[in-house]
Amino acid sequence: MAVERTLTILKPDCVRKNLIGTVTAQIQEAGFSIKALKLTRLTKETAGGFYAVHKERPFFGELVEFMSSGPCVPMILEKENAIEDFRALIGATNPAEAEEGTIRAQFADSVGENIVHGSDSVENGKIEGAYFFAESEVVANNS
Ligand code: CMP
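In short, a report on the structure. Computed from a predicted structure; not experimentally measured.

Of all the residues in helix α2 (residues 20-29), the buried ones are Val 23, Thr 24 and Ile 27. Down the axis of α2, the buried set is contained in an arc of 100°. They therefore lie on one face. Structurally, α2 contributes buried residues whose contacts are with β1 (3-10), α1 (12-16), β2 (33-37), β3 (73-80), α5 (82-90) and α6 (103-107). Trailing α2 by a residue or two, Gly 31 shows a phi angle of about 100°, which is positive.

Pasting the structure below:
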């Protein structure tokens, strides 16, 4: 299996619930290596830019409001099969449909406030990673 990278965001609800440490521990225990990490706050403009593919969706306004409502923690994660394995770890977008034990099933309140984002492909992972991090902010190895 190929080593891949994914971009996650611990969303404003995760930060507000004081779950940064708990969720990050579960991510690391699942074998993901953190290559970049920061605490930041999106504006409506930068949140809208990140989710531009959803611009025409009825929930876009709500999504932008929520994602700019407080600090969030983007991270670039690396692991074999990272895209698929991370999506399995976090569970379905709607926490009501997420498998028991997944991060969203444990901690998320709704489809809009669902604790964490994960890239849906290697290509999008690269684009999304570059949205938050300059190359100089991504470590080459963690040892
Ligand atoms: P995420 O994986 O970050 O990618 C797009 C986000 O849009 C998704 O998580 C949800 O938080 C949000 N989203 C998807 N569907 C809805 C919906 N029906 N209502 C509100 N937000 C949604």
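There is more to say, and it comes next.
With antiparallel pairing, four strands are arranged side by side in an open sheet as β2-β3-β1-β4. The strands lining the two open edges of the sheet, one partner per strand, are β2 and β4 (116-118). This sheet shows a mean twist of 25° between the axes of neighbouring strands, independent of strand direction. Where β1 meets β3, eight bridges bridge the pair, whose relative direction is antiparallel. Of the residues in β3, the one forming a bridge with Thr 6 is Leu 77. Taken strand by strand, α2 contacts β1, β2 and β3, and its axis lies near 165° from that of β1.

Now for the environment of Glu 45. Here Glu 45 lies in helix α3 (residues 44-50). Along the sequence, Glu 45 and Asn 114 sit 69 residues apart, while their C-alpha atoms lie 21 Å from each other.

Turning our eyes to something else, we now look at the site of the ligand. Near the ligand, the surroundings consist of Lys 11, Tyr 51, His 54, Phe 59, Glu 62, Leu 63, Thr 93, Arg 104, Val 111, Gly 112, Asn 114 and His 117. Here an oxygen atom of the ligand sits 3.4 Å away from a polar atom, N or O, in the side chain of Arg 104. The side chain of Asn 114 places a nitrogen or oxygen atom 3.3 Å from an oxygen atom of the ligand. Burial of the ligand by the protein chains amounts to 80% of its free accessible area of 460 Å². Classifying every residue of the shell around the ligand gives four nonpolar, five polar and three charged.

A word on the nonpolar core. Grouped together as the largest cluster of nonpolar side chains are 20 residues, with contacts concentrated most on Leu 10, Val 23, Ile 27, Phe 86, Ile 103 and Ile 115. Considering each element in turn, this core owes the most residues, four residues, to α5. Apart from the residues within four sequence positions on either side, Leu 10 is in contact with Val 15, Ile 20, Val 23, Thr 24, Ile 27, Cys 72, Val 73, Met 75, Ile 115 and Val 116. Ala 36, Phe 50, Val 64 and Phe 132 belong to the second-largest nonpolar core, a separate cluster that totals 16 residues.

If you check the backbone angles, Asn 18 has positive phi at about 60° while not being a glycine. Along the chain, Asn 18 turns up in the loop between α1 and α2. Among the residues examined, Asn 18 registers a relative accessible area of 68% and is labelled exposed. You will see that Ile 115, though not glycine, has its phi angle at about 70°, which is positive. Given a relative accessible area of 0%, Ile 115 falls into the buried group.

Thresholds applied
- Residues numbered from 1 in each chain as written.
- Predicted model: local features only at pLDDT ≥ 70, side-chain atom pairs only at ≥ 80, totals over all residues.
- Heavy atoms only, no water.
- Buried < 20%, exposed > 50% of the residue type's maximum accessible area, 1.4 Å probe, protein only.
- Helix = DSSP H or I, 4+ residues; strand = E, 2+ residues; numbered from the N terminus.
- Arc of directions from axis to C-beta.
- Contact = heavy atoms within 4.5 Å.
- Pairing = 2+ DSSP bridges.
- Axes fitted to C-alpha atoms, helices over the stretch in contact; angles between N-to-C directions.
- Near = heavy atom within 4 Å.
- Polar contact = N/O pair within 3.5 Å; in protein donor to acceptor, adjacent residues only side chain to side chain.
- Areas by Shrake-Rupley, 256 points an atom, 1.4 Å probe, with all protein chains shown as cover.
- Nonpolar A, V, L, I, M, F, W, Y, C, P; charged D, E, K, R; others polar.
- Core = buried A, V, L, I, M, F, W, Y, C linked by side-chain atoms within 4.5 Å.

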